[in-house]
Amino acid sequence: MATASLQKIVARLAAGAVGRTEADVQSDVRAFLLDAPLDLGGSDLVDVALEAQAGSGRRIDVEAGCAAIEVKKSLSSPTVLAAATKQLARYVTQRTDELGQRYVGVLTDGQRWMLHHALPDGTMALIDTFELSGGEDADGLAAWLEIVLATTDRIVPVPRAILARLGAGSPAFELDLADLRALYATVRDDPEVKLKRELWARLLVAALGTSFEATDDLFVTHTYLVLTAELLAHAVVEISIDAPGADVRALLEGQHFNTAGLHGLVEADFFDWPAVTPAGAPIVRAIARRVGRFDWTQVQHDVLKALYESVIDADTRRRLGEYYTPDWLAQRMVDEVFDDPGHQRLLDPSCGSGTFLFWAVRRALDAYESTGINNREALDRVVAKVAGIDLHPVAVTLARVTYLLAIGRERMSGERGPLTIPVFLGDSVRWEQDPTLLAQSGITIRTSDEMELIDQELHFPESVLTDPRRFDRLVAALADRAAAREPAKSLKHKPVMPPITAILNAHRVADSDRLAVETVFEKLCRLHDAGRDHVWGYYIRNLARPLSFTRPDGRADVLVGNPPWLAYRNMPARIQTAYRALSEARGLWAGGKVATNQDLSDLFVARAVEQYLRPGGRFSFVMPFAVLSRRQYAGFRSADWTSQGAGTAAVAFDPPGDFARVKPPLFPVPSAVVSGRKTTVATSLPRSGTQWTGRVPNHHATWAEVEPALMATQADVTAALEVLDGSPYRANFAQGATLVPSVLLRVEVLPTPTFGMASGMRAIRSARSALEKPPWRDVDSLEGVVESTFVHPMLTGASVVPFRQRQAEQVVVPWADGTLLTGGDEHIDAHPGLAEWWRKAERIWIDRRPASSNMRLNDRIDFQRLLQRQLPAPEHRVVYTASGQHLAACRVDDRTALVEHKLYWGPAASLDEARYLTAVLNSRTLAETVAPLQSRGQHNPRDFDTHVFAVPFPAFDPGSPVQRRLVNLAGRAERVAQAMDLDVHRQFQRARRAVREALAKDGVMDEIDAAVAALLEPLPQPG
């Protein structure tokens, strides 16, 4: 907390310049800088000078490290601001040239603080501002300046500290990203940079299976993340990274690590492009200085995950299927399945930023230490036993550095041999698996067809793949040699081919395989000459890695992780085709209405188990909660993934873990954990599992910190009903119509004017709602006079409480004589009021409908014929709510009423059958039975849909005593509900709760539950 004296200084600064001189403002600014907890003068990283000489008789008011602070009396005048910015630009440009470091500038009049950076043309650009409103802002100003000036060191790297100084929203991040964007704009046409960006985009499209746009801005943002992680790796092992004379290209290519015998950590990749120009060096060093302020010996979890989630917005991560696992859950899962790290080999095939790897490495090293083996052997063992794969190039870099953090500086600086960090860029699903490759004995890597750099594939023979680490080093040596030779004069010339016999000898390449490897080398030379860099070594070496884990002696004893969660509807067409083919061959494809909800996670786990897990090996994966119950996962739950002989995996599932009720939610989508063993006889997912509840302190806590806050109970968590035939009523019920956009369809009936209105007409206007979304909320309300026959009551979710209908809304629908009229239909002119309204609505719809849609408004409201199916309406109908924590159902007698899509409806042959159905549907017995089938939101069960008919309640039989009793009880429940005063303005949730309480108080609900239980007994149990 700021002292009283600092608060007084800030209060004076916040009051503005009225009645004060520039000297007064400068005095207060200097006093604040010296007295605030900024560690000015006490930091080894920052030198501070007041009135620093800037040449030609000019002085910088305050110079702190690589920042200049210029103080003015007031910056409210545009003329003064422009002049001050120009003056600051001279200081910053001069210092940048003198120091060879990136330099920034801050303008302030005490009240407003403005952070600038220099553009390549020497002008200044505003990056961030901080404005004072009073003395209470003293702490905020101190925190802002500390981040800008980077004055504190030995910072403990907890997520909050990292995000404040390096994450999105911090002025440091905005500054670094602005510099990288400006730099990229100057080098984007460089052949080397173009190649790196092309390969990056190609990998992401292949890896993430989504139609996201690989923009320049995302490429630059990914570059920031990778640079930060790689410079962090240098800081961990205390390699100097911010000296003015340091070779930035050597840093970004990991040459210091290679010299130290540490491979596969930092290497030439897609993101070292800032090194192509000297202008990139100051930016890299500036990021290095910020990273170097932390004490990386005190890392206790995967800290880079927090940085990634901060910098990449939640919507982008959702579209990419990226949901990173909380540390405590990853630690618990690793502890459960990696229980013998001295003998087990663990692989995370979707390692992300390395959370599971972090805890696996820590667990393995602790186990090795307890046996008394030395540091060298412990490190050799851990890199041989714990490995990761991911197809996201940013994630791979973050995971490698996380792996290093898990090992720690002390172990790395101790006695050790050469090490390769075993985290690899690779396609774990292997979408493009070609059966012919197996016959060729080896692996073939495809290069980009679009770039047309070479016309053949790169084929590596089987023998060079048997030792993964030797293969890595062979390809690295070939790529380095291709980069070091004299390039060809042009792409039309044959590349210069130096001998590589020494490399082949050093990597023990058999005589019979040398011609194949020499052919690969020639193609690498061509690729290098085309791109003028050796990123191809990185690209090829990593894409080949998953194959080594498929060999019998390379398979893991344990698979653990969090696979990508990506819905089928969000996959591009090419991936959809591959997903369906691979899923059908393994019995995972459900198709039909649930096809769009199928998810990559089930195929990913099946492919990982079949390819990478040894027989009898264990697996544990975080999965969407829907895997426990939803129909699209029925094939996965069967545990038999060998339906057509394509796969080799059958598994025996352990009881699952349900984490959907843990607060705060682990992910935007509720989650579960499934685990088991690879077997020859399938054992389906058990019905009973562990249901976890409670509130955790934070997701970066350890399992020891979280465990006391959680409660584990045994409960039925999976879909016990999926093996049953269900109710015969399933085919009778349908979802209501999609009657939107609301502004065009939903109306309020206006009072009749004093002068009256023609018979059969109604004055109406659009009924507006605060829930409207763009672009419809910006549409002006419609108003008109329409024939009464076209204004229908509309039942929504809010219209239904148990055993009673509340007030309906009103909707305009152009239905006449068994036909849905359109504005272009001449028959609509027989109804002039409707014709005017509907044609106006159609014009607005065409102007505002999604660009990807060519649907007419009539097509929209009658999507899948869900409107026409309701017309004409039967005499007796039953409706129930499609979603919610509690199902509500009631009878509908009004044959003019339409049902919208938040409700399901079905016909009943009689009043008694309708009451029978409402009794069953409103019962708590049915709700509890069907609960495992419901998807969940972040807080409660969500969708009922047609899952209610998985419960096998029979068709109505008036001769059945228990069914007659339900009819009578439903009539009694209707009278209880009708007797209640349900204010039309009361929220429907509160109205439903009030009715449920009244039914419980009357006792009728308990009697209905007992009767439904008797109706359903005995339910057959799943096998």
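Structure shown above.
Note that residues are indexed from 1 along each chain, following the sequence as it is written. Per-residue local features of the predicted model are confined to residues with pLDDT of at least 70, and side-chain atom pairs are confined, for both listing and counting, to 80 or more; whole-chain, interface and lining totals are unaffected and use all residues. Side-chain metrics rest on all non-hydrogen atoms present in the structure, leaving aside hydrogens and water.

The helix and strand labels rest on DSSP assignments: H or I over at least four residues marks a helix, E over at least two residues marks a strand, and numbering proceeds from the N terminus. Across its full length, the chain carries 35 helices and 34 strands. Each residue is assigned to one of three classes by its accessible area relative to the maximum for its type, calculated with a 1.4 Å probe on protein chains only: buried under 20%, partly exposed between the two thresholds, exposed over 50%. Counting the 1023 residues in the chain, one finds 58% classified as buried. What sets the accessible areas is the Shrake-Rupley method with a 1.4 Å probe; for residues, cover comes only from the shown protein chains. Entry remark: accessible area of the chain is about 41,200 Å², with carbon and sulfur atoms responsible for 50%.

For this analysis, a salt bridge means a side-chain nitrogen from Lys or Arg found within 4 Å of a carboxyl oxygen belonging to Asp or Glu. The final tally for this structure, using the stated rule, is 41 salt bridges. Here D339 ties to R618 by a salt bridge, and the two come within 3.1 Å at their closest N and O atoms. Here the residue D339 occupies a position in the loop between α14 (327–337) and β8 (346–348), and R618 occupies one in strand β15 (residues 613–624), the gap between them amounting to 279 residues. On the basis of relative accessible area, D339 is assigned to the partly exposed category, the value being 44%. Linking R891 and E974 is a salt bridge whose minimum nitrogen-to-oxygen distance equals 2.6 Å. Here R891 is found in strand β32 (residues 889–892), whereas its partner E974 is found in helix α33 (residues 961–978), with 83 residues between them in sequence. Given a relative accessible area of 8%, E974 falls into the buried group. It is possible to trace a salt-bridge network through shared partners that takes in E192, K196, R249, E253 and D272.

Once that is clear, we can look at the packing of aromatic side chains. Under the pairing criterion, centres of Phe, Tyr and Trp rings, with the six-membered ring standing for Trp, must be within 6.5 Å; the plane angle then separates stacked pairs below 30 degrees from edge-to-face pairs above 60, leaving the rest tilted. Scanning all chains against the criterion turns up 30 aromatic pairs. The interplanar angle of 80 degrees and the centroid separation of 5.9 Å between the aromatic rings of W692 and W703 together place this pair among those described as edge-to-face. Within this pair, whereas W692 is found in strand β19 (residues 688–695), its partner W703 is found in helix α27 (residues 703–706), the two being separated by 11 residues in sequence. Across the pair, exposure class does not vary: W692 and W703 are buried alike. A connected cluster of aromatic rings, assembled from ring pairs, spans Y184, W200, F219, F270, F271 and W273. Two conditions define a charge located above a ring, namely a distance within 6 Å from the ring centre to NZ of Lys or CZ of Arg, and an angle within 35 degrees of the ring normal. The ring centre of W703 lies 5.4 Å from the NZ or CZ of R332, which sits over that ring.

In any sheet, the strands associate via hydrogen bonds between backbone groups, in a parallel or an antiparallel arrangement. Being paired, for any two strands, means DSSP has found at least two bridges between them. The strand order across the open sheet formed by 4 strands is β21-β34-β31-β32, and the pairing between neighbours is antiparallel. Of all the strands in the sheet, the pair left with one neighbour each is β21 (734–735) and β32. Taken together, the 4 bridges between strand β31 (residues 876–881) and β32 define a ladder with antiparallel strand orientation. Note on β32: the bridge partner recorded for V878 is R891. Along the sheet face, helix α31 (residues 911–922) touches β31, β32 and β34 (903–908) and points at about 165 degrees away from the line of β32. Should any heavy atoms of two residues lie within 4.5 Å, those residues are counted as being in contact. A fitted line through C-alpha atoms represents every axis, and for helices the fit uses only the stretch in contact; the resulting angles, taken between N-to-C directions, go from 0 to 180 degrees.

What is shown is where atoms sit, not what they do.
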